[in-house]
Amino acid sequence: MRIVCHLEDSSQSLENTGEHSDSGSSRTESLVGSRIDYQFLGISRARNQNISTEIVGDLIQRRSPESTKKGRPYSVATLDGTIMLVHDDIITWSIAVDHQIFSLHKMDVTGDGCDNIIACSWDGQTYILDQDKNVVKFQLEESVQSFDCGYYNLHGGVNSTCFVYATFHNKIYLYYDIPLTKMTCKRFEPDLSILKDLVNAEDLDQKSKNELVEYLLYGVKNV
């Protein structure tokens, strides 16, 4: 559902007629000139009218020439486990999960200047998604009745990313300073030119390189 308001038309009509009205009456007149558009998204799982829906809009994107010409995207989550990103009434992507989503938020978790999508289910499953459909999951081992996230101040006047859970067991869990800087994993490949004083790159086969990576990451040395 989308409400389209014509604030400029109502204000111009008042100026042309020379009439003046208080803020309450002007708001009423602007609502009279508005209309409601119903947007039907092409997802078969979302056709049940009894399924509740959460919507969060005005997502901040990466700056590009195309993004400045178009409107900002919004995210939709349904209770039956559908999470989607919609841009200009077109579904960019959607995923289906096996959990009932009841809470949906936006927040820049990674600190790259773009909004991430945070969805939480009744059983504590939390999804952190970026606008490229990359997903990180977190499981709270309790049933959740309320969830919120944002930037809160805990120490030294510096705001940090926080997730807040209220459970059905009368407990509140606060996770702060979420250490998530990237949504994708990169393959770790050691720079052998830096390690040339320690190893001879020409004598290393693929198995030896894998053992070297394991040693550098975990300190495990295969004899």
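Procedures and definitions
- Residues numbered from 1 in each chain as written.
- Predicted model: local features only at pLDDT ≥ 70, side-chain atom pairs only at ≥ 80, totals over all residues.
- Heavy atoms only, no water.
- Core = buried A, V, L, I, M, F, W, Y, C linked by side-chain atoms within 4.5 Å.
- Buried < 20%, exposed > 50% of the residue type's maximum accessible area, 1.4 Å probe, protein only.
- Helix = DSSP H or I, 4+ residues; strand = E, 2+ residues; numbered from the N terminus.
- Contact = heavy atoms within 4.5 Å.
- Salt bridge = Lys/Arg side-chain N within 4 Å of Asp/Glu carboxyl O.

On to the nonpolar core, then. V109, I118, I128, V144, F147, F163 and Y165 are the most contacted members of the largest nonpolar core, which has 15 residues in total. When residues of this core are traced back to their parent elements, those giving at least two are strand 7 (101-107), strand 8 (116-121), strand 11 (144-155) and strand 12 (158-167). Ranked by residues supplied to this core, first place goes to strand 11 with 3 residues. Ignoring anything within four residues of it in the chain, the contact list for V109 reads N116, I118, I128, T161, I178 and L180.

A positive phi angle is found at K133, which is not glycine, with a value near 80°. By the secondary structure assignment, K133 is in the loop between strand 9 (125-129) and strand 10 (135-139). The partly exposed category is assigned to K133, whose relative accessible area is 39%. Of note in the backbone geometry, N170 takes a positive phi value of approximately 60° without being a glycine. Note on placement: N170 falls in the loop between strand 12 and strand 13 (172-176).

Pairs can form between side chains of opposite charge once their charged atoms are near each other. Summed over the entire model, instances satisfying the criterion amount to 2 salt bridges. Taking the shortest distance from any N to any O, the salt bridge between R72 and D58 comes out at 3.2 Å. Pair noted here: R72 is in the loop between helix 3 (65-69) and strand 4 (74-78) and D58 is in the loop between strand 3 (53-56) and helix 3, with a separation of 14 residues, a long-range link. Looking at R72, the relative accessible area reads 47%, which means it is partly exposed. Two residues, K171 and E142, come together in a salt bridge whose shortest N-O distance is 4.0 Å. In this pair, K171 is assigned in the loop between strand 12 and strand 13 and E142 in the loop between strand 10 and strand 11, connecting sequence segments 29 residues apart.

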